[in-house]
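One-letter residues, chain by chain:
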Amino acid sequence: MAELFHGSPYHLHRTFKRIKGVTVSDYVQQIRISEAMNLLSSNAKTVREIANLAGIPNASYFATLFHQKTGLTPTEYRQRKSTRGRNQHEPTS
């Protein structure tokens, strides 16, 4: 990325962190996990397929990273989202 902006990687890292409050790699991970969360709650693709779509081709690493960032495994997240979706459509007494 630094080459695209004709600067040093160190300068890019410092400037990005100063402006965004996180490192470039943390920011990219946040975007990937956010995309994975959307995919997990909106379709029936496998966790491996979602990992690939989110830009993390190693499914084991994806599951570990997802758990670190959300506190849930991808499967647990999907189950909670689907349970909430069903509960929203159930009649209340």
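Residues numbered from 1 in each chain as written. Predicted model: local features only at pLDDT ≥ 70, side-chain atom pairs only at ≥ 80, totals over all residues. Heavy atoms only, no water.

A. Seen up close, the side chain of Thr23. Checked against the element boundaries, Thr23 lands in the loop between α1 (9-20) and α2 (24-42). Looking at Thr23, the relative accessible area reads 14%, which means it is buried. Within the structure, Thr23 has its side chain in polar contact with the side chain of Ser25 (distance 3.3 Å). In this structure Thr23 touches His13, Phe16 and Lys17, once residues within four positions along its chain are discounted. (Helix = DSSP H or I, 4+ residues; strand = E, 2+ residues; numbered from the N terminus. Buried < 20%, exposed > 50% of the residue type's maximum accessible area, 1.4 Å probe, protein only. Polar contact = N/O pair within 3.5 Å; in protein donor to acceptor, adjacent residues only side chain to side chain. Contact = heavy atoms within 4.5 Å.)

B. Quick peek at the nonpolar core. Core analysis: the biggest nonpolar cluster contains 13 residues, and Ile33, Ala36, Leu40, Ile50, Phe62, Phe66 and Tyr77 have the highest contact counts within it. Here the element with the most residues in this core is α2; it accounts for four residues. For Tyr77, the residues in contact, after removing those within four places along its chain, are Met37, Leu40, Ser41, Phe66 and Leu72. (Core = buried A, V, L, I, M, F, W, Y, C linked by side-chain atoms within 4.5 Å.)

C. Region of interest: the packing of aromatic side chains. Across all of its chains, the model carries three aromatic pairs by this definition. Summarising the aromatic geometry, the rings of Phe62 and Phe66 are spaced 5.7 Å apart at their centres and angled 50 degrees between planes, so their arrangement reads as tilted. Taken together, the residues Phe62 and Phe66, both in helix α4 (residues 59-70) and four residues apart, mark about one turn of the helix. This pair shows no difference in class: Phe62 is buried, exactly as Phe66 is. Counting every residue linked through ring pairs, the aromatic cluster contains Phe62, Phe66 and Tyr77. (Phe/Tyr/Trp six-rings, centres within 6.5 Å; stacked < 30°, edge-to-face > 60°.)

D. Focus on α4. End to end, α4 covers 16 Å across 12 residues, agreeing with the expected 16 Å (1.5 Å per residue, within 8%). Considered for burial, the residues of α4 that qualify are Ala59, Phe62, Leu65 and Phe66. For α4, the angular spread of buried residues about the axis comes to 120 degrees, placing them on one side. In α4, the exposed positions angled more than 90 degrees off the buried face are occupied by Ser60 and Gln68. One side-chain oxygen of the residue at the start of α4 lies 3.0 Å from the amide nitrogen of Ser60, identifying that residue as Asn58. Just downstream of α4, Gly71 is the residue with a positive phi angle, here 85 degrees. (Expected span 1.5 Å × (residues − 1). Arc of directions from axis to C-beta.)

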